[in-house]
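Each chain, letter by letter, is given below.
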Amino acid sequence: MTTTPLPPVAPEVTATLVEDLSPRLRKRLDAAVAKLAARPARRDGDTVTIAVDDETELRLYAPGGAVRTVDALSCGCLLAPACVHRAAAACAAPVADPPPAPAEEPGTDAPATEAASAAAGANPVPGPPSVPADEPARAADAAGPTPAPGPASPPETASPAERAAADALWSAGAAVLESGVDGAGAVTQSALLRAAHTARLRQLPRAAGAALSVVTLLRAARTGDPSYRTADLVTALAQLLGTAHRVRTASGTDLAAARGQARRPYSADGSLRLHGLFTEPVITDTGHGGARTWVAAADGRLFTVGDVAPGGAGRALGVADRAVRLGDTALTHRELGRAGLAVSGATVSPDGRLGAGKGVKAVAARGTAWTQPPLAALWETPPSQQAARALRFSSRHDAPATGGSDLLFLEVELLGAAAEPGGACLLARCLPGGPAVHLAAADDEPALAHRDNLNLLAAAPGTRLRIIGRLVPAPHPRLTLLACSHPTGEGTLDLGFDRLSRADLPAPAPSVPLPPSAPGATSAPYLLERRVEQAVLAGRAALGTLGDVSAEAGRVRRAGLPTAAGLLTALCAAAAPRERDHFGRLLPADTDGFAIQWLASARYTAAVAESLCAAAWQEAQPAPAPG
């Protein structure tokens, strides 16, 4: 394995290098990527050098942390620059975020474009059967809401250049579905990168961000990255196809939402008295690392102060103890998570990021305990209402709401560890008398403390804590655990940075009965989801070999999900083996038709999952007290 991480490479650089290869070298590209990834590398300033063999070196010049031009990759082999090595290195490296656009406020967090943050998905493709009233996904019917009456003049539609860019994105995404993960090698990924670059030039940052997310997840899947989840790739691919479709067909305000926003406009918010909550590490798939500190205002609004840049886990650990970039304060991120700030001339982005412009002034102030006002009010909202708010913010198939978060603030009693398909989790019961919640590690990166802390807390059943977690849409209440009150009752813990010891835990309490396990993944609502994921993993042909799925569809229909049954039947029918003409030649596959059916199915399963999640939190609420 390489001893030094490769610098991120701009999408257009990778696409150009792959496109310039001869057909013979393109066939060898995937093997070259795997071989190069196993070679040693070293860094010297802005240059990373890879030893291709004992006599040949490949150099990546990355001023500013990323490779931005084709000439920045040079190889010493005899075939250079027409060799396969430069393209292989670009394909093995992380995808670089686009250069920051001129912002209305200097940022202190991850790059401001939606392409960098992989913006939320688009509305579904019109056409799937409507959802009957007795189905869980009624609120997210695939037909979408009825558009409001437009103005007297015709609403704006996409330009020919935008539609062409959207067509390229759609075709690149459909190609992934056609081949599946195993077949989506460097050449398929290059088409996605080229389409993403074109979309960014056409001012379509939302679609460009979704395409880059698909590439990153494909690489993680193909290299066996332990953090990879097929559900994440399904979500990213659905976002890509859905957004591309919307750009081609939407108008007016819906078109503006489909385009996305390349800059985060900051607005003035006057003077704020902020109270620190916690600090979390940030590690992205694109090689960025840093920290984000959450603070709350007196009215309960949540804000963040972040510092994220190329660097990964090492940078995340270092940034936590650096001063925040806000006014004249000398507080570090971890100190701010327990202290306070008095800010004048505050500026805030729609997603709650505090700006750090020249007119912003901030000084340290006294911190506030979680049990004292105004922070105590965050724990007083019923869990079901918090979950509903978080679902609206983190929706997988609509643009996220502004002015909110996906955080939940709960008081719980720990129940102990429980096994899950993806690894162990911690079970806890919301107090008083609320639902049982599955608490998972926010990140399994060994350098962070999340997993070790979760394992220690699982050994202390009966302990009562206040916790902060991030909602995970699931058919049962589920969070990733970010922070908690200290088991001794003194202070709080940032569970990604602070490490518990056994001495911090109370004496073992009597065992607490564990609630029944969550429904299995083979229950009826998940049969369609399983086929959606199977198509992503193995391609269209894998569903085409299933043959008659009427029995499977009947099981779904008997469970009260006729729309899901219809989608399952249509999806497998669209994947049927290619037919032949009168001369025995295979006819072209209908990749567009299959992509449309897959997108409708993926969007439906996402809506069902969110509806079941909301119902799980709602149904488990304690009954009101009599009288």
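An account of the accompanying structure is given in this report.

Analysis parameters
- Residues numbered from 1 in each chain as written.
- Predicted model: local features only at pLDDT ≥ 70, side-chain atom pairs only at ≥ 80, totals over all residues.
- Heavy atoms only, no water.
- Core = buried A, V, L, I, M, F, W, Y, C linked by side-chain atoms within 4.5 Å.
- Buried < 20%, exposed > 50% of the residue type's maximum accessible area, 1.4 Å probe, protein only.
- Helix = DSSP H or I, 4+ residues; strand = E, 2+ residues; numbered from the N terminus.
- Polar contact = N/O pair within 3.5 Å; in protein donor to acceptor, adjacent residues only side chain to side chain.
- Contact = heavy atoms within 4.5 Å.
- Pairing = 2+ DSSP bridges.
- Axes fitted to C-alpha atoms, helices over the stretch in contact; angles between N-to-C directions.
- Phe/Tyr/Trp six-rings, centres within 6.5 Å; stacked < 30°, edge-to-face > 60°.
- Lys NZ or Arg CZ within 6 Å of the ring centre and 35° of its normal.
- Salt bridge = Lys/Arg side-chain N within 4 Å of Asp/Glu carboxyl O.

## Regarding the nonpolar core
Side chains that are nonpolar tend, in soluble globular proteins, to be buried together.
Line of reasoning, step 1. Core analysis: the biggest nonpolar cluster contains 67 residues, and L237 and W598 have the highest contact counts within it.
Line of reasoning, step 2. Ranked by the residues each element gives to this core, the list is headed by helix α7 (residues 205–222), at 10 residues.
Line of reasoning, step 3. Counting 33 residues, the second-largest nonpolar core is a separate cluster that includes L17, V18, L58 and A89.

## Thoughts on the side chain of R466
Line of reasoning, step 1. If you trace the backbone, R466 turns up in strand β13 (residues 464–471).
Line of reasoning, step 2. A polar side-chain atom of R466 sits 3.1 Å from the main-chain carbonyl oxygen of W370.
Line of reasoning, step 3. Residue contacts for R466: discarding those within four places in its chain leaves W370, T371, A376, W379, L410, E411, A483, C484 and S485.

## Points about the sheet that holds strand β8 (residues 340–348)
Line of reasoning, step 1. Reading across from one edge, β7-β6-β5-β8-β9 is the order of the five strands in this open sheet, with antiparallel pairing throughout. Of all strands in the sheet, those bounded by a partner on one side alone are β7 (302–310) and β9 (361–365). Direction aside, the axes of adjacent strands within the sheet are offset by 35° on average.
Line of reasoning, step 2. Sitting on the sheet, helix α10 (residues 312–319) touches β5 (267–283), β6 (288–297) and β7, and the angle it makes with β6 is about 40°.

## Observations regarding the packing of aromatic side chains
Line of reasoning, step 1. For the structure shown, the criterion picks out three aromatic pairs.
Line of reasoning, step 2. With a centroid separation of 5.1 Å and 75° between ring planes, the pair formed by W379 and F409 is classed as edge-to-face. Taken together, the positions of W379 in the loop between β9 and α12 (383–393) and F409 in strand β10 (residues 407–418) put the pair 30 residues apart, joining distant regions of the chain. Comparing W379 with F409, the two get one shared label, buried.
Line of reasoning, step 3. Among the aromatic residues, ring-to-ring pairing joins W370, W379 and F409 into one connected group.
Line of reasoning, step 4. Directly above the aromatic system of W170 lies the positively charged group of R248, at a separation of 4.9 Å from the ring centroid.

## Quick notes on the pattern of salt bridges
Line of reasoning, step 1. In the structure shown here, the tally under the stated rule is 27 salt bridges.
Line of reasoning, step 2. Close ionic contact of E162 with R259 constitutes a salt bridge, the shortest N to O distance being 2.9 Å. With a gap of 97 residues between them, E162 in helix α5 (residues 160–183) and R259 in helix α9 (residues 252–259) connect regions that are remote in the sequence.
Line of reasoning, step 3. The buried category is assigned to R259, whose relative accessible area is 15%.
Line of reasoning, step 4. Measuring nitrogen to oxygen at the nearest pair gives 3.0 Å for the salt bridge that ties D307 to R315.

## Focus: unusual backbone geometry
Line of reasoning, step 1. In this chain, A80 is followed by P81 through a cis amide linkage whose omega measures 5°.
Line of reasoning, step 2. Note on placement: P81 falls in the loop between β4 (73–75) and α3 (85–92).
Line of reasoning, step 3. P373 connects to P374 through a cis peptide bond whose omega is 5°.
Line of reasoning, step 4. In this model, Q203 sits at a positive phi of 60°, which is unusual for a non-glycine residue.

## Some remarks on the environment of L354
Line of reasoning, step 1. Tracing the sequence through the fold places L354 in the loop between β8 and β9.
Line of reasoning, step 2. When its relative accessible area of 5% is taken as the criterion, L354 is described as buried.
Line of reasoning, step 3. Along the primary structure L354 and V295 are separated by 59 residues, whereas in three dimensions their C-alpha atoms are 10.0 Å apart.

## Considering the pairing of strand β1 (residues 41–44)
Line of reasoning, step 1. Judged from the four bridges that link them, β1 and strand β2 (residues 47–51) form a sheet pairing that is antiparallel. Residue pairing in the sheet places A41 in a bridge with I50 of β2.
Line of reasoning, step 2. Between the antiparallel neighbours β1 and β2 lie two residues, among them G45 with a positive phi of about 65°.

## Here's the deal with the sheet that holds β2
Line of reasoning, step 1. In space, the four strands of this open sheet follow the order β1-β2-β3-β4, with antiparallel pairing throughout. In this open sheet, the two strands that pair with only one neighbour each are β1 and β4. Each adjacent strand pair in this sheet contributes to an overall mean axis angle of 20°, direction not counted.
Line of reasoning, step 2. Relative to strand β3 (residues 57–61), β2 runs antiparallel, the two sharing five bridges. Along β3, the bridge assignment pairs T49 with R59.
Line of reasoning, step 3. Seen against the sheet, α3 touches β2, β3 and β4 and runs at an angle of roughly 135° to β4.

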